[in-house]
Amino acid sequence: MSLPDLTIRPRRLRGSANIRRMVSETQLSVADLIYPLFVDEAITEAIEVSSMPGVFRIPLSDVAAQVNAVEALGIPGVILFGIPTEKDAIGSSGWDDNGIVQQAIRAAKAASPDMCVIADTCFCEYTDHGHCGVLHGEEVDNDATLLNLQKEALSYARAGVDIVAPSGMMDGMIAAIRSSLDEAGFTQLPIMSYAVKYASGYFGPFRDAADSTPSFGDRASYQMDPANRREALKEAELDVQEGADMLMVKPALAYMDIIREVKDATDVPMAVYNVSGEYAMVKAAAANGWIDEKRVVMETMLGFKRAGADLILTYHAMDVARWLEADAHHG
Ligand code: PBG
Ligand code: ZN
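From a predicted model like this one, the values you see are computed outputs, not experimental measurements. (Residues numbered from 1 in each chain as written. Chains lettered and ligands numbered in written order. Predicted model: local features only at pLDDT ≥ 70, side-chain atom pairs only at ≥ 80, totals over all residues. Heavy atoms only, no water.)

A. Main features of the coordination of the zinc ion (ligand 2). The protein atoms donating to the zinc ion (ligand 2) are Cys122 (SG), Cys124 (SG) and Cys132 (SG), with metal-donor distances spanning 2.2 to 2.3 Å. Bound by four donor atoms, the zinc ion (ligand 2) shows angles of 95 to 124° at the metal and therefore tetrahedral coordination geometry. Of note, the donors binding the zinc ion (ligand 2) are all from one chain and are spaced C-x1-C-x7-C. (Donors = N, O, S within 2.8 Å, 3.2 Å for Na, K, Ca; no water. Tetrahedral: all angles 85-135°; square planar, octahedral: opposite > 155°, others 65-115°.)

B. Representation of the pairing of strand β1 (residues 33-40) in the model. Summarising burial for β1: eight of the eight residues are buried, a large majority. Side chains Leu33, Tyr35, Leu37 and Val39 of β1 all project onto a buried face; the interleaved residues Ile34, Pro36, Phe38 and Asp40 project onto the opposite face, where all are buried too. Direction of pairing for β1 relative to strand β12 (residues 311-314): parallel, over a ladder of two bridges. The partner of isoleucine 34 across the bridge, within β12, is leucine 313. Where β1 meets strand β4 (residues 77-83), seven bridges bridge the pair, whose relative direction is parallel. By the bridge assignment for β4, phenylalanine 38 is matched with phenylalanine 81. Two strands pair when backbone bridges link them, and β1 and strand β3 (residues 56-58) are joined in this way by two bridges, in the parallel orientation. Looking at the pairing, valine 39 lines up with isoleucine 58 of β3. (Buried < 20%, exposed > 50% of the residue type's maximum accessible area, 1.4 Å probe, protein only. Helix = DSSP H or I, 4+ residues; strand = E, 2+ residues; numbered from the N terminus. Pairing = 2+ DSSP bridges.)

C. View of the layout of surface pockets. Of the volumes computed, that of the largest pocket is approximately 980 Å³. In terms of lining residues, the largest pocket is bounded by 20 residues, among which Arg21, Ser24, Leu302, Leu324 and Asp327 are the most central. Looking at the lining of the largest pocket, the elements that each hand over two or more residues are α1 (17-22), α10 (293-307) and α11 (317-330). In terms of residues, the lining of the largest pocket owes the most to one element, α10, which gives six residues. Partitioned by chemical class, the residues of the lining of the largest pocket number six nonpolar, five polar and nine charged. (1 Å grid on protein atoms, 1.4 Å probe; cavity = no way out; pocket = protein on both sides within 12 Å on 5 of 7 lines; lining within 4 Å. Points joined across faces, edges and corners; volume = space filled by probe spheres on them. Nonpolar A, V, L, I, M, F, W, Y, C, P; charged D, E, K, R; others polar.)

D. Representation of helix α2 (residues 63-72). For α2, the full list of buried residues reads Val63, Val67 and Val70. Along the axis of α2, the buried positions cluster into a sector of 60°, meaning they face one direction only. For α2, exposure combined with an orientation more than 90 degrees from the buried face picks out Ala65 and Ala72. (Arc of directions from axis to C-beta.)

E. The site of ligand 1, seen in detail. The immediate surroundings of ligand 1 are formed by 20 residues, with Lys197, Arg207, Lys250, Ser276 and Tyr315 found nearest. Here a nitrogen atom of ligand 1 sits 3.3 Å away from a polar atom, N or O, in the side chain of aspartate 120. Between ligand 1 and the protein, one listed contact pairs an oxygen atom with a side-chain N or O atom of glutamine 223 at 2.9 Å. A total of 400 Å² of accessible area belongs to ligand 1 in isolation, and the protein chains cover 100% of it. (Near = heavy atom within 4 Å. Polar contact = N/O pair within 3.5 Å; in protein donor to acceptor, adjacent residues only side chain to side chain. Areas by Shrake-Rupley, 256 points an atom, 1.4 Å probe, with all protein chains shown as cover.)

F. Representation of the pairing of strand β9 (residues 192-197) within the structure. Burial within β9 is extensive, with six of its six residues counted as buried. Inspection of the sheet shows β9 paired to strand β10 (residues 246-250) by four bridges, in the parallel sense. What sits directly across from methionine 192, in β10, is methionine 246.

G. Representation of a nonpolar patch on the surface within the structure. A contiguous nonpolar patch, built from Leu13, Met22 and Val23 and spanning about 310 Å² of accessible area, is present on the exposed surface. Here valine 23 shows up in the loop between α1 and β1. Classification of valine 23 as partly exposed rests on a relative accessible area of 38%. (Patch = residues over 30% accessible without salt bridge, like charges linked within 9 Å, V, L, I, M, F, W, Y side chains within 5 Å. Salt bridge = Lys/Arg side-chain N within 4 Å of Asp/Glu carboxyl O.)

H. Here's a closer look at a positive patch on the surface. On the surface, a cluster of positive charge is made up of Arg9, Arg11, Arg12 and Arg14. Mapped onto the elements, arginine 12 comes out in the segment before α1. What makes arginine 12 exposed here is its relative accessible area of 51%. (Lys, Arg positive; Asp, Glu negative; His and termini not counted. Charge placed at Lys NZ, Arg CZ, Asp CG, Glu CD.)

I. Representation of the nonpolar core within the structure. Residues Ile105, Val164, Leu181 and Val196 are the most contacted members of the largest nonpolar core, which totals 76 residues. Core analysis: the next-biggest nonpolar cluster, separate from the first, contains 26 residues, Met52, Tyr194, Ala271 and Leu311 among them. (Core = buried A, V, L, I, M, F, W, Y, C linked by side-chain atoms within 4.5 Å.)

J. Broad picture of the pattern of salt bridges. Under the criterion given, the structure shown has 13 salt bridges. Here aspartate 245 and arginine 178 are joined by a salt bridge, their closest N and O atoms 3.8 Å apart. Remark: arginine 178 occurs in helix α5 (residues 173-183) and aspartate 245 occurs in the loop between α7 (230-242) and β10; sequence separation between them is 67 residues. We classify arginine 178 as buried; its relative accessible area is 12%. Arginine 229 is the partner of glutamate 261 in a salt bridge, and the nearest nitrogen-oxygen pair spans 2.9 Å.

That's the geometry; what it means functionally is another story.
As structure tokens, this is what we get:
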């Protein structure tokens, strides 16, 4: 048996920690992270979400302290989800200038003027049926919902939000929001579009956290079919044409191919949402001692970056920030 030609040996560049650092192709930074916050109008003390250990619904009075803690770790942004006391058929508390998210935006900006405060812009937390818009029979009425999205985005803008992030997968939602923001003078307010959002089983724990499970049916008539790849490119391109400043792919782990393809096909910053079910799986396995949580989470974050993500929305953000900091000091 003859030896293969070993002139080229990739292992030469793996021989020491420093040479591995020198040839590392992908970097994860604390500046890539966005931390989700659930603000519940009905509570006065934080409540842990049972399916998401370490994640809490917090009262309005805790928003300032939470935002300060996020800021102290160097994380540049938070995304707010509100759980209102009043829900109705159209989700009107979503555009109440004194609604829970509007109050949380003001509290967050007062606590930390520099924090980039993003507001998820949808209706599933505000409607009594849990769907992402106005119903017509059992269907979500796209165009009627657009009018309400305009009101909601404007109300968040007036409260001082830094980015609006429409997540309802309505056709034309970016153009509708952009035009109403511009008309009201908010020409500099960016839109991060949940452009490619799949009808996913991985959202289960979030719906416990945000109290937004649909009371009938599912979201398959507005969120995407997990089987579809070309449709993701179509959604992304439409949103860029309509004026989206950033795009998001969601969920993340089962859609790494989509992250890469959307990244390559567009020229705006790309966010990925490492969703509640992905978090829950890691926490459950770690709690059982089946995986090394830090190692698995950091590997996952790097995977998102390698796939093309510029920004990562993740419930692990505060842990990741601490681990990055510790590793920077101790190699
Ligand atoms: C609202 C919204 C959802 C998530 C973010 N925004 C839930 C859904 O569409 O059902 C999911 C986030 C997560 O699972 O962590 N439309
Ligand atoms: Zn929704």
